[in-house]
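The primary structure of each chain is shown beneath.
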Amino acid sequence: MLSNHAADAGYVVMIPLAAIVFASAERHPLAGIACGFAGVSGGFSANIFPGQLDALLYGITETAYESSQIDVGWTMNIAGNWFFILALLVIYLPVIWYVTDKVIEPR
(Lines give C-alpha, C1' and ligand atoms only; values in the text may rest on other atoms or scores of the structure.)
Protein backbone atom coordinates (compact mmCIF):
# COMPACT_ATOMS: atom_id res chain seq x y z
CA MET A 1 0.00 0.00 0.00
CA LEU A 2 2.96 2.32 0.39
CA SER A 3 3.62 2.22 -3.35
CA ASN A 4 1.06 5.01 -3.58
CA HIS A 5 3.88 7.45 -2.81
CA ALA A 6 6.20 5.89 -5.38
CA ALA A 7 3.61 6.38 -8.15
CA ASP A 8 4.28 4.08 -11.12
CA ALA A 9 7.62 2.96 -9.69
CA GLY A 10 5.64 0.82 -7.24
CA TYR A 11 5.05 -1.72 -10.01
CA VAL A 12 8.77 -1.88 -10.78
CA VAL A 13 10.00 -2.12 -7.19
CA MET A 14 7.29 -3.77 -5.08
CA ILE A 15 6.42 -6.76 -7.25
CA PRO A 16 9.95 -8.24 -7.45
CA LEU A 17 10.48 -7.31 -3.80
CA ALA A 18 7.37 -9.29 -2.86
CA ALA A 19 8.72 -12.31 -4.77
CA ILE A 20 12.03 -12.06 -2.88
CA VAL A 21 10.27 -11.77 0.48
CA PHE A 22 8.04 -14.77 -0.27
CA ALA A 23 11.04 -16.84 -1.44
CA SER A 24 13.01 -15.98 1.69
CA ALA A 25 10.03 -17.09 3.81
CA GLU A 26 10.04 -20.43 1.90
CA ARG A 27 6.79 -19.61 0.12
CA HIS A 28 6.32 -19.71 -3.63
CA PRO A 29 7.75 -16.59 -5.32
CA LEU A 30 4.98 -16.56 -7.94
CA ALA A 31 2.47 -16.16 -5.11
CA GLY A 32 4.57 -13.22 -3.97
CA ILE A 33 4.38 -11.71 -7.45
CA ALA A 34 0.59 -12.14 -7.49
CA CYS A 35 0.30 -10.65 -4.02
CA GLY A 36 2.62 -7.78 -4.91
CA PHE A 37 0.67 -7.02 -8.07
CA ALA A 38 -2.64 -7.09 -6.21
CA GLY A 39 -1.23 -4.90 -3.47
CA VAL A 40 0.18 -2.33 -5.85
CA SER A 41 -2.88 -2.29 -8.10
CA GLY A 42 -5.49 -2.36 -5.39
CA GLY A 43 -3.59 -0.08 -3.10
CA PHE A 44 -2.61 2.47 -5.72
CA SER A 45 -5.06 4.95 -4.27
CA ALA A 46 -5.64 3.36 -0.88
CA ASN A 47 -3.12 4.47 1.68
CA ILE A 48 -2.78 5.93 5.15
CA PHE A 49 -1.51 9.28 3.84
CA PRO A 50 -2.54 11.29 0.77
CA GLY A 51 -0.23 10.73 -2.17
CA GLN A 52 0.55 12.19 -5.58
CA LEU A 53 -2.72 11.00 -7.09
CA ASP A 54 -4.63 12.93 -4.42
CA ALA A 55 -2.76 16.10 -5.41
CA LEU A 56 -3.74 15.50 -9.03
CA LEU A 57 -7.37 14.82 -8.18
CA TYR A 58 -7.41 17.87 -5.91
CA GLY A 59 -6.94 20.20 -8.87
CA ILE A 60 -9.62 18.46 -10.91
CA THR A 61 -12.12 18.36 -8.04
CA GLU A 62 -11.58 21.99 -7.07
CA THR A 63 -12.04 23.20 -10.65
CA ALA A 64 -15.21 21.15 -11.06
CA TYR A 65 -16.60 22.42 -7.77
CA GLU A 66 -15.85 26.07 -8.57
CA SER A 67 -17.62 25.78 -11.92
CA SER A 68 -20.73 24.33 -10.25
CA GLN A 69 -21.32 27.48 -8.09
CA ILE A 70 -22.88 25.42 -5.26
CA ASP A 71 -21.11 27.04 -2.30
CA VAL A 72 -18.82 29.91 -3.23
CA GLY A 73 -17.11 30.16 0.20
CA TRP A 74 -16.06 26.49 0.37
CA THR A 75 -12.40 25.60 -0.17
CA MET A 76 -11.00 22.25 -1.21
CA ASN A 77 -8.35 20.41 0.81
CA ILE A 78 -5.80 17.92 -0.56
CA ALA A 79 -6.90 15.47 2.15
CA GLY A 80 -10.52 15.65 0.99
CA ASN A 81 -10.58 11.95 0.12
CA TRP A 82 -8.61 10.86 3.17
CA PHE A 83 -11.48 8.98 4.84
CA PHE A 84 -12.21 7.17 1.59
CA ILE A 85 -8.61 6.06 1.00
CA LEU A 86 -8.24 5.05 4.65
CA ALA A 87 -11.42 2.94 4.42
CA LEU A 88 -10.08 1.28 1.26
CA LEU A 89 -6.88 0.43 3.10
CA VAL A 90 -8.85 -1.29 5.85
CA ILE A 91 -10.87 -3.23 3.26
CA TYR A 92 -8.09 -4.12 0.79
CA LEU A 93 -5.49 -5.35 3.24
CA PRO A 94 -7.45 -8.34 4.64
CA VAL A 95 -8.94 -9.16 1.24
CA ILE A 96 -5.54 -9.31 -0.45
CA TRP A 97 -4.12 -11.36 2.44
CA TYR A 98 -7.03 -13.83 2.36
CA VAL A 99 -6.99 -14.32 -1.41
CA THR A 100 -3.22 -14.79 -1.45
CA ASP A 101 -3.06 -17.12 1.55
CA LYS A 102 -6.19 -19.20 1.00
CA VAL A 103 -6.81 -19.13 -2.77
CA ILE A 104 -3.64 -18.44 -4.74
CA GLU A 105 -0.97 -20.20 -2.68
CA PRO A 106 -2.71 -23.57 -2.26
CA ARG A 107 -3.02 -23.86 -6.04
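Refer to the structure printed above.
Residues numbered from 1 in each chain as written. Predicted model: local features only at pLDDT ≥ 70, side-chain atom pairs only at ≥ 80, totals over all residues. Heavy atoms only, no water.

Caption draft 1: How the structure looks around the overall build of the protein chain. Within the protein chain, the secondary structure is distributed over four helices and zero strands. Tracing the protein chain from N to C terminus, the helices and strands come up as α-α-α-α. In summary, the protein chain has a C-alpha radius of gyration of 17 Å against a globular reference of 13 Å for 107 residues, an excess of more than 25%. Principal-axis analysis of the C-alpha atoms places the extent of the protein chain at approximately 60 × 25 × 15 Å. For the protein chain, the residues scored as buried account for 25% of the 107 residues in total. Considering only intrachain contacts with a sequence separation of at least 6, the fraction spanning at least 24 residues in the protein chain is 69%. (Helix = DSSP H or I, 4+ residues; strand = E, 2+ residues; numbered from the N terminus. Rg over C-alpha atoms; globule rule 2.2 N^0.38 Å. Buried < 20%, exposed > 50% of the residue type's maximum accessible area, 1.4 Å probe, protein only. Contact = heavy atoms within 4.5 Å.)

Caption draft 2: Representation of the packing of aromatic side chains within the structure. The tally for this structure, following the rule as stated, stands at two aromatic pairs. Their ring planes at 50° and their centres at 5.9 Å tell us that Y11 and F37 sit as a pair that is tilted. Highlighted residues: Y11 in helix α1 (residues 9-24) and F37 in helix α2 (residues 29-42), separated in sequence by 26 residues. For Y11, a relative accessible area of 31% translates into the label partly exposed. (Phe/Tyr/Trp six-rings, centres within 6.5 Å; stacked < 30°, edge-to-face > 60°.)

Caption draft 3: A look at α2. The terminal C-alpha atoms of α2 lie 19 Å apart, and with 14 residues this matches the ideal 20 Å at 1.5 Å per residue to within 8%. Every buried residue belonging to α2 is among A31, G32, C35, G36, G39 and V40, and all of these are buried. Buried residues of α2, viewed axially, fall in a sector of 160°; they line one side. Each element contacted by the buried residues of α2 is listed here: α1 and α4 (82-104). (Expected span 1.5 Å × (residues − 1). Arc of directions from axis to C-beta.)

Caption draft 4: Structural view of the pattern of salt bridges. Under the defined criterion, the tally for this structure stands at three salt bridges. A salt bridge links E105 to R27; the nearest nitrogen and oxygen atoms lie 2.4 Å apart. Taken together, the residues span a long stretch of sequence, with E105 in the segment after α4 and R27 in the loop between α1 and α2 at a distance of 78 residues. Look at E105 and you get partly exposed, because its relative accessible area is 24%. Residue class for R27 comes out partly exposed when judged on its relative accessible area of 32%. The residue K102 makes a salt bridge to D101 at a minimum N-O spacing of 4.0 Å. For D101, a relative accessible area of 25% puts it in the partly exposed group. Each of R27, D101, K102 and E105 takes part in a single network of salt bridges with overlapping partners. (Salt bridge = Lys/Arg side-chain N within 4 Å of Asp/Glu carboxyl O.)

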